[in-house]
Amino acid sequence: MIGEKFSYLSKASAELSRHRIAETELPWRKYRTPYRIFLAEMLLVRTRTDVVADHFERIASRYPTIEALAFADETELREMLRPLGLSKRVPYLIKAARYICENHNGEIPTDVESLLKVPGIGAYTAAAILTFAYGQGLVPADVNILRFVSRFTGLEMGHATKGSQELRGLLPLLSEANVGLSAENLLDFTRLICKARKPRCNVCPLSEHCSYFKNTLLE
């Protein structure tokens, strides 16, 4: 029922799919392997994309495989991650890498259930890995995407970071399978255009149909 009520979200997503949002390619997209996607997504948790991008190749070169990360020296890894402000995440990274080595022969799992058992991986990270490493076409709903859906439809956000069940029920309307909108383009749009602060509504291709634009900025 809710999907029918907000079917115009699919039309907006199809429109968005025709626009190239990101100005530059991110390093983990240029050379893509399941391990590099795993490493990137683990580093991106609560960290700005541009900060991770600036340091990603240095970290990936030092730890080029899941085995290298699993047996990393904690002190050295902590120093490697210090510029990203991720020193406290070092034990989780090593624990996750060791779990994958011990339980999956060093192969990044290809299903949600297995990924969610990996220490430090939550629903968003699991969806992102499956989408960007294995092309499963999910919608990795981070807070930026949920905020966009909330703004566009006028529905309440609910939980500040997890959104509401109602918002999450609309996510299939944004999927690449339904409308051709890649998850990467959607993430770039919500990161660069529909930002938390000072959204760039003046260059947004969807503002004409956006509840936030109509009811907030045009008042």
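Residues numbered from 1 in each chain as written. Predicted model: local features only at pLDDT ≥ 70, side-chain atom pairs only at ≥ 80, totals over all residues. Heavy atoms only, no water.

Focus on the overall build of the protein
As a reminder, the rule being used: The helix and strand labels rest on DSSP assignments: H or I over at least four residues marks a helix, E over at least two residues marks a strand, and numbering proceeds from the N terminus. Note on method: radius of gyration uses C-alpha positions; expected globular size equals 2.2 Å times residues raised to 0.38. Three labels apply to residues, based on accessible area from a 1.4 Å probe with only protein chains included: buried if under 20% of the type maximum, exposed if over 50%, partly exposed otherwise in between. When checking whether two residues touch, look at their non-hydrogen atoms; a contact exists if any pair is within 4.5 Å. Per-residue and other accessible areas follow the Shrake-Rupley method at a 1.4 Å probe size, with only the shown protein chains counted as cover for residues. His residues and chain termini do not enter the charge count, which takes Lys and Arg as positive and Asp and Glu as negative. A charge is said to be at NZ when it belongs to Lys, at CZ for Arg, at CG for Asp and at CD for Glu.
Secondary structure assignment for the protein yields 15 helices and 0 strands. For 219 residues, the compact-globule estimate of 2.2 N^0.38 gives 17 Å, and the protein sits close to it at 18 Å. Dimensions of the protein along its principal axes, counting C-alpha atoms only, are 55 × 35 × 30 Å. By the burial criterion, 48% of the 219 residues in the protein qualify as buried. Pairs at least 24 residues apart make up 59% of the contacts formed inside the protein by residues separated by at least 6 positions. Summed over its atoms, the accessible surface of the protein is roughly 11600 Å², and 50% of this surface lies on carbon and sulfur atoms. With 29 positive and 25 negative side-chain charges, the protein shows a spacing of 5 Å between the two charge centroids.

A closer look at the nonpolar core
Soluble, globular proteins show a tendency: their nonpolar side chains are buried together. Formally: Nonpolar core, defined: a set of buried Ala, Val, Leu, Ile, Met, Phe, Trp, Tyr and Cys residues in which side-chain atoms within 4.5 Å join the residues together.
In terms of nonpolar packing, the biggest core is built from 71 residues, with Phe-38, Leu-43, Leu-69, Phe-148, Leu-174 and Phe-189 touching the most fellow members. In terms of residues, this core owes the most to one element, helix α4 (residues 34–44), which gives 8 residues. Those residues in contact with Phe-148 that lie beyond four places of it in its chain are Leu-9, Leu-174, Leu-186, Phe-189, Thr-190, Cys-194 and Leu-206.

Side note on unusual backbone geometry
Although it is not a glycine, Asn-105 sits at a positive phi angle of roughly 55°. Residue placement: Asn-105 occurs in the loop between α8 (90–104) and α9 (112–116). We note that Lys-198 has phi near 50°; this positive angle belongs to a residue other than glycine. Considering the arrangement of structural elements, one finds Lys-198 in the loop between α14 (183–192) and α15 (211–217). You can call Lys-198 exposed: its relative accessible area is 73%.

Points about the packing of aromatic side chains
Threshold: Stacked, edge-to-face and tilted are the three classes for Phe, Tyr and Trp ring pairs, Trp counted by its six-membered ring, which pair at centre distances within 6.5 Å; planes under 30 degrees apart are stacked, over 60 edge-to-face, the rest tilted.
Tallied over the full model, the rule gives 5 aromatic pairs. A ring pair is formed by Tyr-8 and Phe-152, whose centres lie 5.7 Å apart and whose planes are at 35°; its orientation type is tilted. Of this pair, Tyr-8 sits in helix α2 (residues 8–16) while Phe-152 is found in helix α11 (residues 143–153), placing the two residues 144 residues apart along the sequence. On the basis of an interplanar angle of 70° and a centroid distance of 5.3 Å, the ring pair of Trp-28 and Phe-56 is categorised as edge-to-face. Pair noted here: Trp-28 is in helix α3 (residues 27–30) and Phe-56 is in helix α5 (residues 49–62), with a separation of 28 residues, a long-range link. Here Trp-28 matches Phe-56 in class, with each residue buried.

What to know about the environment of Ile-100
With respect to the helices and strands, Ile-100 occurs in helix α8. Of the residues examined, Ile-100 reaches a relative accessible area of 0% and is grouped as buried. Beyond its immediate sequence surroundings of up to four residues, Ile-100 is in contact with Phe-38, Ile-66, Asn-105, Gly-106, Glu-107, Ile-108, Pro-109 and Val-118.

A look at the packing of helix α10 (residues 123–134) against α14
Put simply, the test is: Orientation is described by lines fitted to C-alpha atoms, with helices fitted over the stretch in contact, and by angles between N-to-C directions that extend from 0 to 180 degrees. Between 65 and 115 degrees an angle is taken as roughly perpendicular, under 35 as roughly parallel, over 145 as roughly antiparallel, and anywhere else as oblique.
In the contact formed by α10 and α14, the axes pass within 10 Å of each other and the chain directions differ by 130°. Compared by their axis directions, α10 and α14 come out oblique. Taking contact as the criterion, the partners of Tyr-124, Thr-131 and Phe-132 in α10 are, on α14, Ala-183, Glu-184 and Leu-187.

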